[in-house]
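# Coordinate analysis (summary)
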Amino acid sequence: MRFTTFAATALFTALSVPLAFAADVMPANGMLVNAGGMTVYVFDKDVADSGKSACSGGCLVAWPAVIATDAAPAAPYGSIKREDNGAMQLTYKGKPLYLYKEDKKPGDVAGDNFKNVWHVVKP
């Protein structure tokens, strides 16, 4: 499955919250990562298949949303429309996906079990 990057510059100026632009989300070393090898996370406060993200404002600064660039990702991926900015956020098994700003290099997992509510996605 491939999710391609789109015009980030125009979108960054149009949006009021930070977003993570993922080219590819794929399994690697027992977890999901984006094309740059950065670890992908889920948030326990998000309810699977609710169509909503519980992370906004300051939360979204620390945990940027992974943006779905494919209009109809194939299962187990999907997307939701973010209420705060209208962007399409990628989901995995119905849960929105995020990156963690404190992960500095590919393979970092500093956000795993953060406050016991953030977890690495293990496909």
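Structure: see above.
The structure contained in this document is the topic of the report that follows. It should be emphasised that the depicted structure is a prediction, and the values quoted were computed from it without experimental measurement.

Let us look at the state of the cysteines. According to the stated counting rule, one finds one disulfide in the structure shown. The partner cysteine of C55 in its disulfide is C59, sulfur to sulfur 2.1 Å. When the S-S torsion is -110°, as for the bridge of C55 with C59, the disulfide is left-handed. For C55, a relative accessible area of 0% translates into the label buried. Given the relative accessible area of 22%, C59 is considered partly exposed.

Below, the discussion takes up the pairing of strand β7 (residues 88–92). Burial analysis of β7 places four of its five residues in the buried class, which makes it a mostly covered element. Taken together, the five bridges between strand β6 (residues 77–81) and β7 define a ladder with antiparallel strand orientation. Within β7, the position partnered with K81 by the bridge is M88. In this antiparallel pair of consecutive strands, β6 and β7, the connection spans six residues, and G86 shows a positive phi of 80°. Sheet topology places β7 next to strand β8 (residues 95–96); two bridges connect them, and they run antiparallel.

Cut-off values and rules
Residues numbered from 1 in each chain as written. Predicted model: local features only at pLDDT ≥ 70, side-chain atom pairs only at ≥ 80, totals over all residues. Heavy atoms only, no water. Disulfide = S-S within 2.5 Å. Buried < 20%, exposed > 50% of the residue type's maximum accessible area, 1.4 Å probe, protein only. Helix = DSSP H or I, 4+ residues; strand = E, 2+ residues; numbered from the N terminus. Pairing = 2+ DSSP bridges.

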